Amino acid sequence: MKKVLTIAGSDSGGGAGIQADLKTFSAFGVYGMSVITAVTSQNTLGVSGFRAMPAEFVGQQMSDVLSDIGADATKTGMLANADIICEVAEKIREFKHENLVVDPVMVATSGDRLMEPEAEKALKDKLLPLALVVTPNIAEAEVLSGIRIANREDVEKAAQIIYGWGPKGVIIKGGHLSGEAIDYYYDGKEIYEYRSPRVDTKNTHGTGCTFSAALAACLALGMPLKKAIPIAKDYLYLALLNADSLGAGHGPTNHLAGYFDHSTKAIRPAKGLPAAKTENNSRKLTGRKLYVITGQEFAKGRPVTEVVSQALAGGAGIIQLREKKWTTRQLVEVGRELQRLARENNALFIVNDRIDVALAVDADGVHLGQDDMPVRMARRVIGPDMILGISAETVEEALTAEKEGADYIGFGPVFHTDTKPDAGTARGLELLAQVKKAVSIPVYGIGGIKLDNAAEVLSAGADGVAVITAVVGADDITLAAQKFIHIMEGGR
Ligand SMILES: Cc1ncc(COP(=O)(O)OP(=O)(O)O)c(N)n1
Ligand SMILES: Cc1ncsc1CCOP(=O)(O)O
Ligand SMILES: [Mg+2]
């Protein structure tokens with residue numbers, strides 16, 4: 001078994017520090033060891049105090065572990081003061097340890113200081129020269145480089161300055177900048193960018209510890225840094241995505257959400273993981289009130305791509321490819337084109353029924369009914385990022401779909417429709433209102449919705465309307481879409 005050592009502080013709340021590191025090591029299937037530098041008393045709201053270990057006792061722990069068990073990689077976290085930093089540096093030198101990840105922990109997520117300001121010099125002079133890589137966040141990079149960081153150029157400058165302190169590599173974690181979560185790796189020659197979608201969560205306690213622990217685990221497993229960084233990011237991404245809101249403040253990430261699969265050498269979602277949190281996907285739907293579904297037989301001879309272009313021009317925010325009689329080849333060919341058109345128009349593209357087609361054309365999502373693949377299974381196949389829409393005719397179906405991982409509900413038929421002969425009888429606005437009250441994901445009304453009843457559907461609580469014939473069958477598709485949007489925005 002590969003062995004990884006963390007030299008860090010204990011977090012009584014369990015989300016950061018030694019506790020985060022050991023949980024992360026387990027998820028990577030490496031043997032974790034811990035040298036404790038300090039004991040903090042903290043929870044999700046903040047750090048109420050800490051006691052540092054005597055420096056020589058930190059050294060004693062390191063000697064005992066490294067002389068007997070040894071370590072394939074080591075990471076440092078909270079080192080508290082200059083004496084401990086010097087002691088740790090001396091032992092790293094003594095044991096000629098090379099795979100060293102230095103997470104320059106200075107301030108906790110809560111804003112509380114975890115290192116004496118005087119210790120910064122010891123960190124730069126003694127420890128950074130021994131590091132294979134140092135992993136500051138933006139605030140820490142500002143302290144270490146002495147410059148303000150507001151954009152990528154500043155990141156580059158800061159990385160070069162920090163590199164000058166002696167580490168073989170610098171990773172500046174851009175998680176605190178806006179937009180995508182981009183981390184920058186500088187190897188002394190070039191800057192490399194690593195991107196992942198930003199997870200909008202307050203549960204970020206321990207992210208720095210978790211990332212550096214994952215890096216150390218990858219190094220122990222023999223990976224070069226360029227390979228290790230995206231893997232550590234994937235692990236952290238799943239941990240953030242599946243974080244439970246424990247405590248009243250910044251909750252911990254979920255260290256059990258993903259694990260390193262040694263056969264494929266990639267991070268996989270943990271087996272039996274409850275459906276990944278979907279607020280992110282659901283949020284992509286915000287403000288998209290008009291959902292247009294294709295149906296070639298209703299399009300008066302116009303090709304589906306033309307219909308969709310015109311619907312997009314009229315402001316449709318979501319497009320669904322629903323062609324029951326098409327071959328797989330037709331679906332993927334047109335699907336690819338519709339995905340391109342949707343992206344160009346800042347709209348979302350969803351494929352009906354066919355998970356394989358949705359995956360093949362890199363669609364934004366897939367829509368499934370009660371007779372299609374079960375929700376939990378579908379979520380496992382499509383992963384956490386793809387939007388999953390589920391049809392529901394009852395409150396119970398909607399609640400189950402939400403619990404199992406749906407991102408929105410297509411509720412209907414709200415009114416009578418001839419477009420889908422097996423749709424059943426109209427469910428009505430009253431039931432729509434009940435469904436909307438029961439779930440917290442967006443609900444789209446579908447079935448028999450026209451310009452003259454769309455406003456009622458929204459008044460009943462729907463987040464938007466999904467329509468086929470009222471748009472696809474209109475003489476002027478763009479105008480019909482515009483009218484729907486006007487009505488739903490409160491116009492007449
Ligand atoms: C947005 C939206 N809502 C409901 C449906 C219907 O899906 P399903 O029940 O699977 O029926 P088919 O459309 O596959 O006949 C939908 N497609 N979109
Ligand atoms: C696909 C679907 N699912 C429930 S009703 C329906 C058909 C909606 O078509 P229209 O908007 O023409 O009534
Ligand atoms: Mg279906």
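Residues numbered from 1 in each chain as written. Chains lettered and ligands numbered in written order. Predicted model: local features only at pLDDT ≥ 70, side-chain atom pairs only at ≥ 80, totals over all residues. Heavy atoms only, no water.

> Explain the site of ligand 2 here, please?
Inspection of the region around ligand 2 gives R322, T417, T419, K420, I446, G447, G448, V467, I468 and T469 as its neighbouring residues. A distance of 2.6 Å separates an oxygen atom of ligand 2 from a polar atom in the side chain of T419. Contact between ligand 2 and T469: an oxygen atom at 2.6 Å from a side-chain N or O atom of the residue. In isolation ligand 2 has 370 Å² of accessible area, and contact with the protein removes 93% of it. Grouping the constituent residues of the shell around ligand 2 by class yields three nonpolar, five polar and two charged. (Near = heavy atom within 4 Å. Polar contact = N/O pair within 3.5 Å; in protein donor to acceptor, adjacent residues only side chain to side chain. Areas by Shrake-Rupley, 256 points an atom, 1.4 Å probe, with all protein chains shown as cover. Nonpolar A, V, L, I, M, F, W, Y, C, P; charged D, E, K, R; others polar.)

> Please explain the UniProt feature "binding site: 4-amino-2-methyl-5-(diphosphooxymethyl)pyrimidine" (unreviewed entry) in the protein chain as it appears in this structure.
Mapped onto the present numbering, the UniProt feature "binding site: 4-amino-2-methyl-5-(diphosphooxymethyl)pyrimidine" (unreviewed entry) falls at Q320, L321, R322, E323, K324, N352, S391 and K420. Mapped onto the fold, Q320 is located in strand β13 (residues 318–321). Residue class for Q320 comes out buried when judged on its relative accessible area of 3%. At 2.8 Å, the side chain of Q320 forms a polar contact with the side chain of Y291. Along the chain, K324 turns up in the loop between β13 and α11 (328–344). A relative accessible area of 52% means that K324 is categorised as exposed. Beyond its immediate chain neighbours, meaning those up to four positions away, K324 contacts N352 and D353. (UniProt positions renumbered as here; feature names shortened; annotations may be inferred. Helix = DSSP H or I, 4+ residues; strand = E, 2+ residues; numbered from the N terminus. Buried < 20%, exposed > 50% of the residue type's maximum accessible area, 1.4 Å probe, protein only. Contact = heavy atoms within 4.5 Å.)

> How should I be thinking about the site of ligand 1 in this particular structure?
Around ligand 1 there are 16 residues in total, and R322, K324, D353, S391 and K420 lie nearest to it. Within the contact set of ligand 1, an oxygen atom lies 2.6 Å away from a side-chain nitrogen or oxygen of R322. Interatomic distance of 3.0 Å between a side-chain N/O atom of D353 and an oxygen atom of ligand 1. Relative to its free-state accessible area of 420 Å², ligand 1 is covered by the protein chains to the extent of 90%. Residue assignment for the shell around ligand 1 shows that the elements contributing at least two residues are β12 (290–293) and β15 (365–368).

> What should I look at first to understand the coordination of the magnesium ion (ligand 3) in this one?
Note on the magnesium ion (ligand 3): its protein donors are D353 (OD) and D372 (OD). The metal-donor distances range over 1.9 to 2.5 Å. In this pair, D353 is assigned in the loop between β14 (348–352) and α12 (355–360) and D372 in the loop between β15 and α13 (375–382), connecting sequence segments 19 residues apart. The exposure class of D372 is partly exposed, given its relative accessible area of 28%. (Donors = N, O, S within 2.8 Å, 3.2 Å for Na, K, Ca; no water.)

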